[in-house]
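Geometric and topological summary
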Amino acid sequence: MPAAAHVDDFGVAIAAGTTTSPARIASLNPATTELLFALGAGPRLVARTTWDVWPDAARAVADVGPGLRPNVEAVLAHHPDLVVLYASAENRVAADQLRAAGVKVIALRTDLLADFARASRELGRATGEDAAAVIVVDSMQRTLSRVRAATQHLDHPTVFWHVWDSPIYTIGAGSFLDQLLTIAGGTNIYADRTEPSPQVSLEDIVKRDPRFILAGVSGKKALANNPLWQGVRAVREGRVLVIDTNLVGRPSVRAGEAAASIARLLHPGIVL
């Protein structure tokens, strides 16, 4: 691939790390933190966000706060020579400030499974861990393929994915979670919404009448304690399934494992 093709999602060139691999990395995105550890670059991390808690070794890395609109001074205090952050509009100013301070920045969107594969390749190249990146991507894709093969001939029940309660947010086709749900043998009732996380109404959920609801532990409690949600048959009839939000919450090295966990909820007894 031509060198010019290696750009991050802010359009900035990503240099290879074969001769000048970064020694001090700040990862401001849980997905890339997990990835960097999987690549073998974990010992080089000097800063991470509050939400970066896997693997356990990540907890020993300095917490510099949120990943969106990060505290640039707090990040620079750890003297990184590479900062990896999520490529969102909220982070453009921070990326510019970090570059102005002489720090290399790689901004990557990680919304879909293909984004994870690309992030793996680009960070592998930037850190000199190209071979490890190939192994990480292949491993995840093999697990996803195994789950897909196990569920493709099963009935795919309709599912509402509960993200937030007030206002109500769910998962749309723009999120990797929609992809995981399909692979796991479910049908997202909001797959017709192109946004990663659209806001929806309770009335429309009642109308679409999902067979199951996926929610975190606190989300399930919120639904059970709110009488308005009794209008949704899946809540009324006890078909709210609890997902491990730490496992499924990001498109990273455990995406295959996440898909398998959802498949087991929707299809009890399935062998994966």
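Everything here concerns the structure above.
Attention in this report is confined to the structure presented alongside it. Sequence order as written defines the numbering, with residues in each chain counted from 1. Owing to the predicted nature of the model, reporting of local features is limited to residues with pLDDT of at least 70; listing and counting of side-chain atom pairs is limited to 80 or more, with chain, interface and lining totals taken over all residues. Hydrogens and water molecules were not included; the side-chain quantities draw on all heavy atoms of the structure.

1. Description of the overall build of the protein
Short version of the rule: Helix and strand labels come from DSSP, where a helix needs a run of H or I of at least four residues and a strand needs a run of E of at least two; each type is numbered from the N terminus. Atoms considered for the radius of gyration are the C-alpha atoms alone. The globule rule reads 2.2 Å times the number of residues to the power 0.38. With a 1.4 Å probe rolled over the protein chains alone, any residue whose accessible area is under 20% of its type maximum counts as buried; one over 50% counts as exposed, and the rest are partly exposed. The contact definition used throughout considers only heavy atoms, calling two residues in contact when any of these lie within 4.5 Å. All accessibility values rest on the Shrake-Rupley procedure with a 1.4 Å probe; residue burial counts only the protein chains present in the view. In this tally, Lys and Arg are treated as positive and Asp and Glu as negative; His is ignored, and so are the chain termini. Where a charge lies is defined by one atom per residue type, namely NZ (Lys), CZ (Arg), CG (Asp) and CD (Glu).
Along the protein, the regular secondary structure elements total eleven helices and ten strands. At 20 Å, the protein has a C-alpha radius of gyration in line with the 19 Å of a compact globule built from 272 residues. Structurally, the protein occupies a C-alpha span of about 60 × 35 × 35 Å along its principal axes. Looking at the protein as a whole, 50% of its 272 residues are labelled buried. Considering only intrachain contacts with a sequence separation of at least 6, the fraction spanning at least 24 residues in the protein is 60%. For the protein, the accessible area works out to roughly 12,400 Å², and carbon and sulfur atoms hold 55% of it. Computing the positive centroid from 27 side-chain charges and the negative centroid from 27, the protein places the two 3 Å apart.

2. What about the sheet that holds strand β4 (residues 104-108)?
Selection criterion: Paired strands, in this sense, are two strands between which DSSP finds at least two bridges. Here an angle of 0 to 180 degrees is reported between the N-to-C directions of two axes, which are lines fitted to C-alpha atoms, with helices fitted over the stretch in contact.
Taken together, the four strands give an open sheet; going across it, the order is β2-β1-β3-β4, and neighbouring strands pair in parallel fashion. Each edge of the sheet is formed by a strand with only one pairing partner; in this case those strands are β2 (45-48) and β4. With direction set aside, neighbouring strand axes in the sheet form an average angle of 20 degrees. Pairing of strand β1 (residues 25-28) with β2 involves three bridges; the strand directions are parallel.

3. Comments concerning the layout of surface pockets
What counts, and what does not: Any residue with an atom within 4 Å of a point lines the site, the site being either a cavity, points on a 1 Å grid over the protein atoms alone where a 1.4 Å probe fits but cannot get out, or a pocket, an open set with protein on both sides within 12 Å along at least 5 of 7 lines. Grid points are joined across faces, edges and corners, and a volume is the space filled by probe spheres set on the points. Three categories are distinguished: nonpolar for Ala, Val, Leu, Ile, Met, Phe, Trp, Tyr, Cys and Pro, charged for Asp, Glu, Lys and Arg, and polar for the others, with Gly belonging to the last.
In this model, the largest pocket occupies a volume close to 1,400 Å³. The wall of the largest pocket is formed by 40 residues, among which Val163, Phe176, Leu177, Gly249 and Arg250 lie closest to the centre. If you list the elements that add at least two residues to the lining of the largest pocket, you get β6 (164-165), α6 (176-183), α8 (217-225) and α10 (245-248). With three residues, α10 is the largest single contributor of residues to the lining of the largest pocket. Looking at the lining of the largest pocket residue by residue, the class counts come to 18 nonpolar, 17 polar and five charged.

4. Points about the environment of Leu228
Note that Leu228 resides in the loop between α8 and α9 (233-236). Considering only alpha carbons, one finds Leu228 and Arg121, 107 residues apart in sequence, at a separation of 46 Å.

5. Structural notes on the packing of helix α1 (residues 30-39) against helix α4 (residues 113-127)
Heads up, the rule is: What sets the label is the angle itself: under 35 degrees gives roughly parallel, over 145 gives roughly antiparallel, 65 to 115 gives roughly perpendicular, and the rest give oblique. Left-handed describes a crossing whose near helix is turned anticlockwise from the far helix by less than a right angle; the clockwise case is right-handed.
Where α1 meets α4, the axes come as close as 10 Å, and the angle between the chain directions of the two elements is 55 degrees. The orientation of α1 relative to α4 falls into the category oblique. In this structure, the crossing between α1 and α4 has a hand that is right-handed. For the pair α1 and α4, the contacting residues are Thr32, Leu35, Leu36 and Leu39 in the first and Phe116, Ala119, Ser120, Leu123, Gly124 and Thr127 in the second. Among the residues making up the contact of α1 with α4, the classes are represented as six nonpolar, four polar and no charged.

6. Some thoughts on the pairing of strand β9 (residues 212-215)
In the case of a regular strand, side chains alternate between the two sheet surfaces. Alternating residues of β9 divide into Phe212 and Leu214 and Ile213 and Ala215, and every residue in both groups is buried. Here strand β5 (residues 158-161) runs beside β9; their pairing, made up of three bridges, is parallel. Bridge pairing in β9 links Val159 to Phe212.

7. Describing the pattern of salt bridges
In plain terms, the rule: Whenever a carboxyl oxygen of Asp or Glu lies within 4 Å of a side-chain nitrogen of Lys or Arg, that contact is scored as a salt bridge.
In the structure shown here, the tally under the stated rule is twelve salt bridges. The shortest N-O distance in the salt bridge between Arg44 and Glu129 comes to 3.1 Å. Note that Arg44 is positioned in the loop between α1 and β2 and Glu129 in the loop between α4 and α5 (130-151), a separation of 85 residues in sequence. Judged by its relative accessible area of 17%, Arg44 falls in the buried class. We note a salt bridge from Arg208 to Asp192, for which the minimum N-O separation is 3.0 Å. Here Arg208, found in helix α7 (residues 202-208), pairs with Asp192, found in the loop between β8 (187-188) and α7; they are 16 residues apart in sequence, far enough to count as distant. Taking relative accessible area as the criterion, Asp192 reaches 52% and is therefore assigned exposed.

8. Examining the packing of aromatic side chains
Cut-off, in case you're wondering: Under the pairing criterion, centres of Phe, Tyr and Trp rings, with the six-membered ring standing for Trp, must be within 6.5 Å; the plane angle then separates stacked pairs below 30 degrees from edge-to-face pairs above 60, leaving the rest tilted. A positively charged side chain is recorded as over a ring if its NZ (Lys) or CZ (Arg) lies within 6 Å of the ring centre. The angle to the ring normal must also be within 35 degrees.
Applying the stated criterion across every chain yields a total of two aromatic pairs. Aromatic side chains Phe160 and Tyr190 sit 6.2 Å apart centroid to centroid with 70 degrees between the ring planes, which places their arrangement in the edge-to-face category. Of this pair, Phe160 sits in strand β5 while Tyr190 sits in the loop between β8 and α7, placing them 30 residues apart in sequence. Assigned by exposure class, Phe160 and Tyr190 land together as buried. An angle of 35 degrees between the planes, with centres 6.0 Å apart, marks the rings of Phe160 and Trp229 as tilted. One end of the pair, Phe160, is in strand β5; the other, Trp229, is in the loop between α8 and α9, and 69 residues separate them in sequence. The exposure class of Phe160 is buried, given its relative accessible area of 0%. An aromatic cluster of at least three residues, connected via ring pairs, comprises Phe160, Tyr190 and Trp229. The side chain of Arg211 reaches across the aromatic face of Phe212, ending 5.5 Å from its centre. Just above the ring of Trp54 sits the side chain of Arg254; from NZ or CZ to the centre is 4.1 Å.

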